[in-house]
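Chain by chain, the residues run as shown.
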Amino acid sequence: MHSRRGFLLGGTAAVAMPLSACDSLPAIFSLSPKGAVDIHNHIFNGRDVPATGFIRQVVLRDADAPVTSGGLLESLIKLLALIMLSGTPTPEQELKSLGQPQARTPEDLLAQDERNTARGIARFQRESGAETSGFRTQPRDDQNILGQIEAELGIASGPGRTFQLRADYPATLAREIYREGTGAPDKVGRSFQSSSRLLSTIRWAGLLTRARNDIFEELKRLYGGEGQIRIFSPSLVDFQRWLRPRDTVSSVRSQIEVTSRIAQLHKDDLILPFAPFCPLRAALDAEDSEDPNFDTLADLKYAVARGFAGVKLYPPMGFLPMGNANLPNRPFVRRWPLGGGQALDDELEKLYNWCVAEGVPIKAHANNSLAAQPCSSLYASPTNWVPVLADPRYRELRLNLAHFGGFEETLDPPERCRDPQGRDWERIIAGMLDQYPNLYFDIGYWSELLGPGSEDYEDVINKTIALSQSQPLIAERMMYGSDWSMLGREPAHNTYKLRVEEAMARMFPDQDQRNAILGENALRYLDLRRGTQQWARLSAFFADNKVFAGLLRRG
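Residues numbered from 1 in each chain as written. Predicted model: local features only at pLDDT ≥ 70, side-chain atom pairs only at ≥ 80, totals over all residues. Heavy atoms only, no water.

A look at the nonpolar core
Ranked by size, the top nonpolar core spans 157 residues in total, and within it I149, W242, L351, Y352, I362 and W385 carry the most contacts. In terms of residue count, the dominant contributor to this core is helix 2 (residues 71–84) (nine residues). (Core = buried A, V, L, I, M, F, W, Y, C linked by side-chain atoms within 4.5 Å. Buried < 20%, exposed > 50% of the residue type's maximum accessible area, 1.4 Å probe, protein only. Helix = DSSP H or I, 4+ residues; strand = E, 2+ residues; numbered from the N terminus.)

So, in structure tokens, the structure goes:
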């Protein structure tokens, strides 16, 4: 079974065939009277993450096992990073253009992706063998990774890689990468979708060169629209302090500003973003400040005053939700607080106290993946949240543990970083629901559902059915999520919403339960009830939003 975050270099995967002209996407998400909610997605671009570290230590890791320092892999990391940063707008650049009339079609955006991919390939060739963000590749490996791409495209380079010597090589290779048909619901001529994992990942890197608003538009085009998803909750990320490469990254404040403006501009969809919080950054910023009243929650307070609905945490970067004081210093980070792990706990306590006082929910990565270092993903275990949820101070804290569904602890190969409990995290979450009424979970990036009929598909379906029968609260706390744009690396990502609905019909035959999973549970998690602090903030910010107006009418 492939991990949700796994990647097979040059491999392909069996995927569902693109929808034919006779197929249609049913209005499955109109079942809920208040509309459907995608509680877990992303619209960040390549400027918002430390590109090289993000790809090397997060995207191309097979879950959390150490990455073999193979030359081809290093060359691929370099190629993807260069593509991700080709023509990619900063938040400041995007803010200048937001709100201006733009008549770009999906085809126009794909053509832009293709041009930026060509630019990245051209720079990759020019800098072959040169150092990029602290690592150096070998020219032969650089040539070979391009050759592997050519092979997947069915291109014969000729003896001595003569094709790669042509002046038009970058543009020609990019054109071939984007040549395949789309399989997308609206049948545009091309897409970054592909049956090849390698090509899908290259196209995904091209997607991340877009403006954030354009990445949202792709999310909406794939899964949204009338009768489909109308409420989206994109999460910002803050990985810079945990990843070694010293890539320049957009500031958290600038990401908040541009995302807030995007949310404000969309009147026919409701965008409820989550702001990132990194306890390591907070501890180090406090340590560096000469102001005794320095507020490490200032960005979060700024965000929730501007349409943000919650906070996103990533424990697998290298921290526990609580209890870091008892852990050794992290040798893999460039700098550790003088106060050690206790400094992280102090910042997390400030966060939890503020979230409870202000009615702000937290969304946390809770899959054995996305590790900054081997096995740091184990910090994401649901068990590690028990000390927080059991603390009387945080009884009202609303928490979403993300990425339910893979049952990976008992399915994945033995070389995977194992939870010492040896239990699937889905079962651990189910066992926590009775005791913690404000605990929810989402199904973002449930990639097993993209392969109906496969052994893995049937296994997770049957396990979910059995679990929901033993724990009825499953249907009351489960929330739909796509994990777009990370899902864009999957060859069949365009069918995700349809495949989820097919699986839901088997796992939860009761339509009311499906309504809850597709929307109602998320609205309860977000605490969108009249009279709450959340309601007061968001109703003021989204006063002219049509979707929020519908929520107002229903109360």
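Looking at the environment of D268
Mapped onto the fold, D268 is located in the loop between helix 9 (252–265) and strand 5 (270–271). Separated by 277 residues in the primary sequence, D268 and N545 place their C-alpha atoms 6.7 Å from one another. With residues up to four places along the chain from it excluded, the contact list for D268 reads R230, K546 and V547. Only 3.2 Å separates the side chain of D268 from the side chain of K546, close enough to count as a polar contact. (Contact = heavy atoms within 4.5 Å. Polar contact = N/O pair within 3.5 Å; in protein donor to acceptor, adjacent residues only side chain to side chain.)

A short note on the pattern of salt bridges
According to the stated counting rule, one finds 31 salt bridges in the structure shown. Taking the shortest distance from any N to any O, the salt bridge between R221 and E218 comes out at 2.6 Å. Remark: E218 and R221 occur in helix 8 (residues 212–223); sequence separation between them is three residues, near one turn of the helix. For the pair formed by R221 and E218, the shared burial category is buried. Residue D269 is joined to R230 by a salt bridge in which the shortest nitrogen-to-oxygen separation is 3.5 Å. Highlighted residues: D269 in the loop between helix 9 and strand 5 and R230 in strand 4 (residues 229–234), separated in sequence by 39 residues. Both residues of the pair, D269 and R230, count as buried. (Salt bridge = Lys/Arg side-chain N within 4 Å of Asp/Glu carboxyl O.)

A look at the side chain of T117
Residue position: T117 is located in helix 4 (residues 106–126). Its relative accessible area of 0% is what places T117 among the buried residues.

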